[in-house]
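So the chains spell out like this:
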Amino acid sequence: MNSADVRSRAHSLTRSLALDRSPQDCDRGPHHQLGDSLHRRDARWNLPGRNYVQSFGGGLVDVFFIDTNPFISEYRNSEWNPWNKNILTAEDWRESLETLDRRLSESDAPVKLVVGHHPTRSNGDHGPNLDLVEHLEPVLNAHSVAAYFSGHDHDLEHLKTEDMRFHQVVSGAGSDCTRGFHATESSVWQYPWSGFATVTAETKGDKGEGQPVVTVRFFTLDHGSEQPAYQFQVS
């Protein structure tokens, strides 16, 4: 994928960006991302808070964003977290989980998607996150979430297991993609180099009604940008 390919595909990203602080890293830290300075520079940057919901297609698809940092016990016990004013774990993960649980219960959307920085399962350098497997996965399963999207590991992955009713999508291959995989457990497809994932929702019929078909497509460095290297439907 050359620079022209990237510019061509990126040109379509002109609509409002629904970005959690999850897959997007910023040198100035979380406070900078949560403030309004980035929105003033580019109106496409919208980050209402650490945990929020956005609806698409007239309520056919609801996307729930959650800050997974407070869930990570390793962060709470680390030496660098107090130095960073406990910004990553300042919120109570239990309250965040209860809020997500309530919002999922209130949603009437046929398709529910959840986005967070850390994956529950991964075969990448960081591997699975047991804190999220224990606490987040049961909520996702209970509310029939179609897919959970994350970054963190610098690769591309699609994972699915019988006890994980949702699709786990890892799309963190924006840089430093040299870490490879340590396993293939629960893997449907995985790729260790640079690339990205896109999500589209389409409905049948002229009126745009009915169950939307949500498709995830992975574009990779060596496959080019015209056709995805791999794709699947989550609904």
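Right above here is the structure, for reference.
Bear in mind the structure is a predicted one, so any value in this text is a computation, not a measurement.

Here's the deal with the environment of V169
Right, so step 1: Counting through the fold element by element, V169 comes out in strand 8 (residues 167–171).
Right, so step 2: Relative accessible area serves as the criterion here: at 0%, V169 is assigned to the buried category.
Right, so step 3: A sequence separation of 21 residues divides V169 from Y148, and the C-alpha atoms of the two residues are 6.1 Å apart.
Right, so step 4: Residues contacting V169, with those up to four places away along its chain left out, are Y148, F149, S150, E157, V216, F218 and F232.

A closer look at the sheet that holds strand 12 (residues 230–233)
Right, so step 1: The 3 strands lie next to each other as 10-11-12, forming an open sheet whose pairing is antiparallel. Two strands bound the open sheet, and with one partner strand each, they are strand 10 (195–202) and strand 12. Averaged over neighbouring strand pairs, the angle between their axes works out to 15° when direction is ignored.
Right, so step 2: Here 4 bridges tie strand 11 (residues 213–220) to strand 12, and the two strands are oriented antiparallel to one another. If you follow V216 over to strand 12, its bridge partner there is F232.

Structural notes on the environment of D108
Right, so step 1: As for its placement among the helices and strands, D108 is situated in the loop between helix 6 (93–106) and strand 5 (111–115).
Right, so step 2: For D108, a relative accessible area of 74% corresponds to the exposed category.

A word on empty space enclosed by the protein
Rolled over the atoms, a probe as big as a water molecule pinpoints where empty space is left.
Right, so step 1: Scanning the entire structure with this criterion turns up 1 cavity of 30 Å³ or more.
Right, so step 2: One number sums up the size of the largest cavity: a volume of about 40 Å³.
Right, so step 3: Every residue lining the largest cavity is listed: N51, Y52, F64, F65, I66, S96, T99, L100 and R103.
Right, so step 4: Elements represented by at least two residues in the lining of the largest cavity include exactly strand 4 (61–65) and helix 6.
Right, so step 5: Partitioning the lining of the largest cavity into residue classes produces 5 nonpolar, 3 polar and 1 charged.

Calculation rules
Residues numbered from 1 in each chain as written. Predicted model: local features only at pLDDT ≥ 70, side-chain atom pairs only at ≥ 80, totals over all residues. Heavy atoms only, no water. Helix = DSSP H or I, 4+ residues; strand = E, 2+ residues; numbered from the N terminus. Buried < 20%, exposed > 50% of the residue type's maximum accessible area, 1.4 Å probe, protein only. Contact = heavy atoms within 4.5 Å. Pairing = 2+ DSSP bridges. Axes fitted to C-alpha atoms, helices over the stretch in contact; angles between N-to-C directions. 1 Å grid on protein atoms, 1.4 Å probe; cavity = no way out; pocket = protein on both sides within 12 Å on 5 of 7 lines; lining within 4 Å. Points joined across faces, edges and corners; volume = space filled by probe spheres on them. Nonpolar A, V, L, I, M, F, W, Y, C, P; charged D, E, K, R; others polar.

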